[in-house]
Amino acid sequence: MVMYALKRIFLALLVALTVSILTFTILNMTTDPAVAMAGDTATDFEIESITIAYGFDQPMPYQYVQWLGNALQGDLGTSYYFRTPVTALISGRISITLWLGLVSMAVGILIAVPLGVIAAIRPNSIWDRICLTLAVSAQALPSFWFALMLIVLLSVTFPILPSSGTDTWVHFIMPVFVLATRVMPAIMRLTRTGMLDVLASDYIRTARAKGLKPQNVLFKHALRNAVVPVVSVSSVQLGHLLTGSIVIETIFALHGVGFLAYESTVRNDLPTMQALVLLFSCIFIIATLVADLANAWLDPRIRVVGIDN
Amino acid sequence: MKPLDCLEIKNLTVTFPLSAGTLWAVNDVSFTLARGETLGIVGESGCGKSMTAMAIMNLLPQAAQLQATGLTFNGQELTALNESEMSDIRGNRMAMIFQEPMTSLNPAFTVGAQLMEAILRHRKVKKSEARERALYLLEKVGITAAASRLRQYPHELSGGLRQRVMIAMALMCSPDLIIADEPTTALDVTIQAQILHLLTEIQREFEMTVIMITHDLGVVANVTDRVAVMYAGRIVETGLVSQLFESPQHPYTQKLLDCIPVPGKTKRGSYLGSIPGRVPSLIGDLSGCSFANRCSFCTDECLNNDPPWHQIGSQRGYLCWRNPEQISPYKGQGVSL
Ligand SMILES: Nc1ncnc2c1ncn2[C@@H]1O[C@H](COP(=O)(O)OP(=O)(O)OP(=O)(O)O)[C@@H](O)[C@H]1O
Ligand code: SF4
Ligand SMILES: [Mg+2]
């Protein structure tokens, strides 16, 4: 297990490095940082001097190594637009996004997994159909539209919930609900198919043959095996959630990094964009890592496969 | 039911309602097992052996429907029990060894945890005592280095070892009845013999009642006291092993015996092991003898009406239109036991 974990961590670092190279190259190729920095009214001379002063004329690999060196020391450059260090900018806002993401994920899982289990216990029953209908409808809803409809309904027509801001937990109810709806369908359907497969398996019959209580058979023997694919997909869903948070934070005016991503893209704020892409990638990589480790713990066969490969 | 009887089954029928009609997986099966007795249930694939076993354990698939005038175990009527009362008996007073050792253990838990679970469920024992019992039984079923096996996961064990673990698991609560459903079918030939030998030894040592399900008459000859031959959901003949091998009454039993190779008599290269024709469909109206399409003695009566049961003494019986007088002595290959 330790070997497997170390291997996974090493792989994750490798992926993070690759992602950083790619984003750095792509962003630097598609925008001229000096132009962005100098502003709309700058003369050619000004742009030229900025290019030289900041080393934008240096070869790309050289620039990347410098950027990486600084990044590792916690210096991600200075935002062209906000004129503050990117690190400070992000650290002031990340907690909102992380909380939003984690709480939405937790709410999504806490609703979707039990629904999936209920649907699987009595396949094709009325409960199963209700759950499937919910999943399909939720999947079909574009989250920006769903968010706007909620605002119209719960903030305008019936003013129950605030439509923007981050002052109290009440402000988070609608955003969390919208994001949770985004991750629920896949998790629910996967729990359902996973449970159906596992409940039909020989080892569940063995567990029943031992005379174990139904809840023991269901939650100890079945669910543990059924959630392995759910865990993997949850990490992918977290990715959906992060991209979703860009839209949701903008709609609900939550000043997290999702909103920052929107702002920096609109302003062509290269260092901030670069840092955010890297940040989102790292969150995604960490989520995948956690999912892999959780699965190795859930299913011992995965650990063996990991070492053999 | 005599007080010494362990299990009595009366008119057990298991059906599946399918869109094409009713599938009669087990059709009016009755038998009695005395305490300490070993019964072999023999028959080809799909004849309802497993479903009979599952009906006794109350582990039938959800779609299955069970009917019986009696399923009595240790004097208790099983059909009157609810699921919770039944689960108190399962794994405790009766246990089962399955046909599929490779997939019958949960991949997520250690062998030790899965072994101990049954006794922790049914007895007030400490974990350490459960562990002791698991160790003792693993050694009993011939597993070396038992202590380290307890910490292993199923995928680290071979099929033969897994089946030994399953046997040990079935023994955890010293059940009165063990149902072994083709315990060796999925294993290598050499391992098969070992596992059968083990089961025989254990049956003697723990004085258990055993139902041994198999499609191999050879297994029956070596391991069991009595045999019930099943065909298309019905028991077509029962008797002591010696009676059945010496004077099989039902044409199906006779043909089954003809399929067993006999050293010195069966010619090398001669065609073995199959009865011409196919098992009829089990779906819909099944009147008449189900063996009729493969039977060389078939008459119009056989085709139109259900054959009667002939009881010969207390232990023997067969399901056929032919009277005992009509049946010429079996002159098959003369299988000797
Ligand atoms: N879930 C199910 N739905 C419908 N029919 C089933 C189901 N399970 C079993 N059957 C049918 O019931 C009949 C008896 O099956 P059973 O498993 O008892 O056979 P078996 O004698 O154990 O055969 P084998 O030697 O292959 O294990 C078969 O014809 C099978 O097609
Ligand atoms: S009843 Fe008729 S068809 Fe059936 S086994 Fe007897 S003789 Fe053959
Ligand atoms: Mg079977």
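Before any of the text, the structure's been laid out above.
Residues numbered from 1 in each chain as written. Chains lettered and ligands numbered in written order. Predicted model: local features only at pLDDT ≥ 70, side-chain atom pairs only at ≥ 80, totals over all residues. Heavy atoms only, no water.

With respect to the packing of helix 3 (residues 111–122) of chain B against helix 4 (residues 127–140) of chain B
All names here are of chain B.
Then step 1. Direction vectors running N to C along helix 3 and helix 4 enclose 125 degrees, while the axes themselves pass 9 Å from each other. On the basis of their axis angle, the class for helix 3 and helix 4 is oblique. In this structure, the crossing between helix 3 and helix 4 has a hand that is right-handed. Here Leu115, Met116, Ile119 and Leu120 of helix 3 come into contact with helix 4, specifically with Lys127, Ala130, Arg131, Arg133, Ala134 and Leu138.
Then step 2. Class assignment for the residues of the contact of helix 3 with helix 4 results in seven nonpolar, no polar and three charged. (Axes fitted to C-alpha atoms, helices over the stretch in contact; angles between N-to-C directions. Helix = DSSP H or I, 4+ residues; strand = E, 2+ residues; numbered from the N terminus. Parallel < 35°, antiparallel > 145°, perpendicular 65-115°, else oblique. Left-handed = near helix turned anticlockwise from the far one by under 90°. Contact = heavy atoms within 4.5 Å. Nonpolar A, V, L, I, M, F, W, Y, C, P; charged D, E, K, R; others polar.)

Here's the deal with the interface of chain B and chain A
Then step 1. The interface is formed by 28 residues belonging to chain B together with 22 residues belonging to chain A.
Then step 2. With both chains or domains summed, chain B and chain A bury close to 2300 Å², and 53% of this area falls on carbon and sulfur atoms.
Then step 3. Note that Lys220 of chain A is salt-bridged to Glu117 of chain B, the shortest N-O span being 2.9 Å.
Then step 4. Counting the contacts that link chain B with chain A gives 14 residue pairs in polar contact (both at pLDDT 80 or more).
Then step 5. Secondary-structure elements contributing two or more residues to the side of chain B that touches chain A are helix 1 (49–57), helix 2 (83–89), helix 3 and helix 6 (159–171) of chain B.
Then step 6. In terms of residue count, the dominant contributor to the side of chain B that touches chain A is helix 3 of chain B (five residues). (Buried area = accessible area lost by both parts, 1.4 Å probe. Salt bridge = Lys/Arg side-chain N within 4 Å of Asp/Glu carboxyl O. Polar contact = N/O pair within 3.5 Å; in protein donor to acceptor, adjacent residues only side chain to side chain.)

Overview of the packing of helix 9 (residues 202–209) of chain A against helix 10 (residues 214–251) of chain A
Residues and elements named next belong to chain A.
Then step 1. For the pair helix 9 and helix 10, interaxial distance at closest approach is 10 Å and the crossing angle is 165 degrees. Judged by the angle between their axes, helix 9 and helix 10 are roughly antiparallel. As for the relative orientation of helix 9 and helix 10, their crossing is right-handed in sense. From helix 9, Tyr203, Ile204, Ala207 and Arg208 reach across to helix 10, where they touch Val217, His221, Ala222 and Asn225.
Then step 2. Its residues placed into classes, the contact of helix 9 with helix 10 shows five nonpolar, two polar and one charged.

Looking at the packing of aromatic side chains
Then step 1. For the coordinates displayed, the defined rule picks out nine aromatic pairs over all chains.
Then step 2. Summarising the aromatic geometry, the rings of Tyr64 of chain A and Trp67 of chain A are spaced 6.0 Å apart at their centres and angled 35 degrees between planes, so their arrangement reads as tilted. Of this pair, Tyr64 of chain A and Trp67 of chain A both sit in helix 4 (residues 60–72), three residues apart, which is roughly one turn of that helix. Pair check on accessibility: Tyr64 of chain A and Trp67 of chain A agree, each one buried.
Then step 3. A network of ring pairs unites the aromatic residues Phe24, Tyr64 and Trp67 of chain A as a single cluster.
Then step 4. Here the guanidinium or amino end of Arg224 of chain A rests over the ring plane of Trp297 of chain A, the centre of that ring lying 4.8 Å away.
Then step 5. A cation over an aromatic ring shows up here: Arg224 of chain A above the ring of Phe109 of chain B, its NZ or CZ 5.0 Å from the ring centre. (Phe/Tyr/Trp six-rings, centres within 6.5 Å; stacked < 30°, edge-to-face > 60°. Buried < 20%, exposed > 50% of the residue type's maximum accessible area, 1.4 Å probe, protein only. Lys NZ or Arg CZ within 6 Å of the ring centre and 35° of its normal.)

A word on the nonpolar core
Then step 1. Of all hydrophobic cores here, the largest spans 80 residues; its most connected members are Phe31, Leu177 and Ile211 of chain B.
Then step 2. Considering every element that reaches this core, the biggest residue donor is helix 6 of chain B, with eight residues.
Then step 3. Setting aside its immediate chain neighbours within four residues, Leu177 of chain B contacts Cys6, Leu7, Leu33, Ile56, Phe73, Arg93, Met94, Ala95, Thr209, Val210 and Ile211 of chain B.
Then step 4. Counting residues in each nonpolar core, the second largest holds 66 residues, with Met174, Leu179, Leu212 and Leu278 of chain A among its members. (Core = buried A, V, L, I, M, F, W, Y, C linked by side-chain atoms within 4.5 Å.)

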